[in-house]
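# Per-entry structural report
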Amino acid sequence: MSIPPLASGPHGPDALRPLLDTVLGALATGAAARGGPLPAGGPDAVAARVGDALGDVLPEHGDPDALRALTYALAAGAADPADPLCAAHLHCPPLAVATAADLAVSALNPSLDSWDQAPAASALEARVTGALAARIGLADAVVTTGGTEANQLALLLAREALGAHVRLICSAAAHHSLPRAAWLLGLPDPVVLPAPNGTLDPAALDAALTELTGPLLVAATAGTTDAGLIDPLPEIAARCAAHRTRLHIDAAYGGALALSDRHRALLTGLDAAHTVALDLHKLGWQPVATGFLAVADATELDALHQRADYLNAGDDTEAGLPDLLGRSTRTTRRPDVLKAAVTLRTLGRTGLADLIDQVLTLARDFADRIEAHPGLELYDRPTLATVLFRPAHASDDAVAAVRRTLLHEGRAVLGRARADGRLWLKATLLNPHTGPDDLAHLLKLAEGHTPA
């Protein structure tokens, strides 16, 4: 039997070229077969089609058509974030240049747990993380898989700085990964403050900080998952400073506004945090995963240090080889920073800022259309790219049915959120190619499926 070719090495590019043609062709035909933002028929129909394409997971003999067949099945059965009617989640359509850069990472397969596995990648990561941290006014940053890992790491650093009894304070609108991180780390049960307007109330926070004793960690949010709201960061930061309380800001969604001259003021107060979570696979148009945790005090990252002689022997470190094992709680770690570096260099800050400004304007245009539509109700004016709306006079059951019907038919992907005690449809408009006709079509679909 012949030995299959490798992706890297001197012959890697030649081996990849025909395979890339196969993948690109299957992506195109799969998308054409899907014909919309997601496949029709619901979970059972999709699972059946995938099963037909997959067949025996581990056949006795290989199938040379497997790459084409399974890529086609994946594309035909995808929820495509590049479709303007796919607007449920913080699930962005990745830029082509970032995706191309990600191919290089997969081909070379560096691992950022030791310098001798990733010489150039480790130098690249250090430069990019430092620059991103400086942009939001902090000292350093490490790469994460996204907001969930960044939030967990922020609580870990707080525990190491303040002790095992540090208690989390967050709002009811905070991301679910924060209380889960407290549970995973064995911290006391969090104090969850009500968020009647969808954001953390500084007065309620001040009362909690006055009443509670022991070490505390406040977690604010710059871009809530449900409505895209930003907590009043300056007031929260002031109260944390007055009570000498540690502050973490989950800016996984909204942190990219730091690149925009037009919208950066929405993040005033961000630089007062001890730690900040940031994702570029949301308002940064990167393939998953591209997350970061920035820190105000770079020495706090020393808490992550581990010694494994085969990766960071002491004499190697003393001889000048970088010690990478303390840059993450993970060991094997791909250089997800390359796609971000390529994007930042290719588009520049103003190029990315233009995309950010464009989708925020798009969300406001969408809200205008909803307000002008007699059959629809708008929850509130959008802060970021998230818009909540619902068919007017519909029950919550009817709103849920609208969403599920559109999903089952494969016609549109809308999210759901509960606010003001009611259920709302959620549109997260992260596609800068979306146009006025797409917005009109999305509203027509949502309004047209309202039960009588």
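As shown above, the structure is provided for reference.
Structural notes, computed from the coordinates. The structure presented is a predicted model; accordingly, all values stated were derived computationally and were not measured. (Residues numbered from 1 in each chain as written. Predicted model: local features only at pLDDT ≥ 70, side-chain atom pairs only at ≥ 80, totals over all residues. Heavy atoms only, no water.)

Spatial ordering of the open sheet is given by β1-β7-β6-β5-β4-β2-β3, a layout of seven strands whose pairing is mixed. Of all strands in the sheet, those with a lone pairing partner are β1 (140-144) and β3 (191-193), marking the two edges. Averaged over all pairs of adjacent strands, the angle between strand axes in this sheet comes to 20°, irrespective of strand direction. Sheet analysis places strand β2 (residues 167-171) next to strand β4 (residues 216-221), joined by three bridges and oriented parallel. Within β4, the residue paired with Ile-169 across the bridge is Val-218. Relative to the sheet, helix α9 (residues 233-242) contacts β4 and β5 (246-251), its axis offset from that of β4 by approximately 175°. (Pairing = 2+ DSSP bridges. Helix = DSSP H or I, 4+ residues; strand = E, 2+ residues; numbered from the N terminus. Axes fitted to C-alpha atoms, helices over the stretch in contact; angles between N-to-C directions. Contact = heavy atoms within 4.5 Å.)

A word on the nonpolar core. With 56 residues, the main nonpolar core has Val-218, Leu-247, Ile-249, Val-276, Leu-283 and Trp-285 as its most contacted residues. The element best represented in this core is helix α12 (residues 337-371), accounting for eight residues. If we skip the residues at most four places from it in the chain, Val-218 touches Ile-169, Leu-200, Leu-205, Leu-209, Ile-236, Cys-240, Thr-245, Arg-246, Leu-247 and His-248. (Core = buried A, V, L, I, M, F, W, Y, C linked by side-chain atoms within 4.5 Å. Buried < 20%, exposed > 50% of the residue type's maximum accessible area, 1.4 Å probe, protein only.)

Below, the discussion takes up the environment of Asp-113. Tracing the backbone through its elements, the reader meets Asp-113 in the loop between α4 (96-108) and α5 (119-135). Between the C-alpha atoms of Asp-113 and Pro-232, which are 119 residues apart in sequence, the distance is 38 Å. Contacts of Asp-113, omitting those with residues within four sequence positions, involve Leu-311, Leu-324, Leu-325, Thr-331 and Thr-332. For Asp-113, the side chain forms a polar contact with the side chain of Ser-111, separated by 2.4 Å. (Polar contact = N/O pair within 3.5 Å; in protein donor to acceptor, adjacent residues only side chain to side chain.)

Counted residue by residue, β1 has five buried out of five residues, so it is predominantly covered. Taking every second residue as pointing to the same face, both faces of β1 are buried, with Asp-140, Val-142 and Thr-144 on one and Ala-141 and Val-143 on the other. Here β1 runs beside strand β7 (residues 291-295); their pairing, made up of five bridges, is antiparallel. Counted as the bridge partner of Ala-141 is Ala-294 from β7.

Another point: helix α6 (residues 147-162). Spanning 16 residues, α6 covers 22 Å between terminal C-alpha atoms, matching the ideal 22 Å at 1.5 Å per step. Among the residues of α6, Gly-147, Glu-149, Ala-150, Asn-151, Leu-153, Ala-154, Leu-155, Leu-156, Leu-157 and Ala-158 are the ones counted as buried. (Expected span 1.5 Å × (residues − 1).)

Attention shifts here to the packing of helix α8 (residues 202-211) against α9. It is the contact of α8 with α9, at a shortest axis distance of 10 Å, that shows an interaxial angle of 15°. Relative to α9, α8 is oriented roughly parallel. Our pair here, α8 against α9, has a crossing hand that is right-handed. Taken together, the residues of α9 that come into contact with α8 (itself represented by Pro-202, Ala-203, Leu-205, Asp-206 and Leu-209) are Glu-235, Ile-236, Arg-239 and Cys-240. Of the residues in the contact of α8 with α9, the class split is six nonpolar, no polar and three charged. (Parallel < 35°, antiparallel > 145°, perpendicular 65-115°, else oblique. Left-handed = near helix turned anticlockwise from the far one by under 90°. Nonpolar A, V, L, I, M, F, W, Y, C, P; charged D, E, K, R; others polar.)

Moving on, we come to the sheet that holds strand β8 (residues 376-378). Read from one edge of the open sheet, four strands run β8-β9-β11-β10, paired in antiparallel fashion. The open sheet is flanked by β8 and β10 (415-419), the only strands paired with a single partner. If you compare each strand with its neighbour and ignore which way they point, the axes differ by 40° on average. The sheet contact formed by β8 and strand β9 (residues 386-391) spans three bridges and is antiparallel. Note that in β9 the partner of Leu-378 across the bridge is Phe-389. The sheet strands contacting helix α13 (residues 396-409) are β9, β10 and β11 (422-428), and the helix crosses β11 at an angle near 30°.

Following the sequence through the fold, Asp-297 ends up in the loop between β7 and α10 (309-312). On the basis of relative accessible area, Asp-297 is assigned to the partly exposed category, the value being 35%. Of note is the side chain of Asp-297, whose polar atom sits 2.6 Å from the side chain of Thr-299.

Turning our attention to the pattern of salt bridges. Under the definition given, this model contains 21 salt bridges. As a salt-bridge pair, Arg-333 and Glu-125 come within 2.8 Å of each other at their nearest N and O atoms. On the criterion of sequence distance, the pair formed by Arg-333 in the loop between α11 (314-318) and α12 and Glu-125 in helix α5 is long-range, its members being 208 residues apart. For the pair formed by Arg-333 and Glu-125, the shared burial category is buried. (Salt bridge = Lys/Arg side-chain N within 4 Å of Asp/Glu carboxyl O.)

Everything listed is a geometric property; what it means functionally is a separate question.
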